[in-house]
Amino acid sequence: MNDVSASPARHLVPPYWAEAEHALAQCDPVLDAVIRAHPGVTLRSRGDPFNTLMRSIVGQQISLKAADSVWARICLATEPMPEQVVALGRERLAACGLSQRKAEYILDLAQHFVNGALHVEEWSHMDDEAVIAELVQVRGIGRWTAEMFLMFNLLRPDVLPVDDLGLQRAVSLLYFGGEHAGIEPVRHVAREWAPWRSVATWYLWRSLEPVPVEY
């Protein structure tokens, strides 16, 4: 089980970041170069579980710019809190730029929070796989979205989202000379990164897109 004693505060920087940077730079010269190229930036948590999950659903399969636009329209329509989202309803959510399916997913997520069906207060004490198993029961949340939640909300240090296309692309470019790298090559390269695979992943994303994404 990961040693996470409390839920992260708003925009919290992971306390292990400097240690992880040093360890990764020592074991992997490719990561060392990427880390040196992006000083002064870190993964940060917004701290609110519902907002993190809702933003993750909003951003599925659309660009960051489009996701930010939809999110801004939702925030104009209502406060992005579970009870308020349930009260807004599917049609008004869809009017903010969401597909009908995404609107349904977000309503299902909000209802899970309102009903207390998710053990939010216990997540900080549960291991990664247990949190994932609970989250994927919500419509619209698959393993990738759950892994993003572990990284960006709970600040878990050793998440490896092998299905992430950005991670696969970065590994392909930096470790295999541009040759396609799927799940197994990513796992192979990442063996050296434990127990800091979240940090390694985050820096490989920076090699593709210098501006950090926050959920």
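Below you will find a few notes about this structure. Since the structure is predicted, the reported quantities are computational estimates derived from the model, not experimental observations.

### Topic: the state of the cysteines
Formally, a disulfide is one covalent bond, and it connects the sulfur atom of one cysteine to the sulfur atom of another.
No. 1: Following the criterion strictly, the structure yields zero disulfides and no others.
No. 2: Not engaged in a disulfide, the cysteine Cys75 finds its nearest cysteine sulfur in Cys96; these two sulfurs lie 9.1 Å apart.
No. 3: On the basis of relative accessibility, which here comes to 36%, the residue Cys75 falls in the partly exposed class.

### Focus: the environment of Trp71
No. 1: Checked against the element boundaries, Trp71 lands in helix α4 (residues 64-77).
No. 2: Of the residues examined, Trp71 reaches a relative accessible area of 10% and is grouped as buried.
No. 3: In the structure, Trp71 is positioned 12 residues away from Gly59 in sequence and 8.8 Å away in space, judged by C-alpha atoms.
No. 4: For Trp71, the contacting residues outside a window of four places in its chain are Asn51, Met54, Arg55, Val58 and Pro80.

### Some thoughts on the side chain of Thr78
No. 1: Tracing the chain through its elements places Thr78 in the loop between α4 and α5 (82-88).
No. 2: Once residues lying within four places of it in the same chain are set aside, the contact partners of Thr78 are Gln84 and Leu88.

Rules behind the numbers
Residues numbered from 1 in each chain as written. Predicted model: local features only at pLDDT ≥ 70, side-chain atom pairs only at ≥ 80, totals over all residues. Heavy atoms only, no water. Disulfide = S-S within 2.5 Å. Buried < 20%, exposed > 50% of the residue type's maximum accessible area, 1.4 Å probe, protein only. Helix = DSSP H or I, 4+ residues; strand = E, 2+ residues; numbered from the N terminus. Contact = heavy atoms within 4.5 Å.

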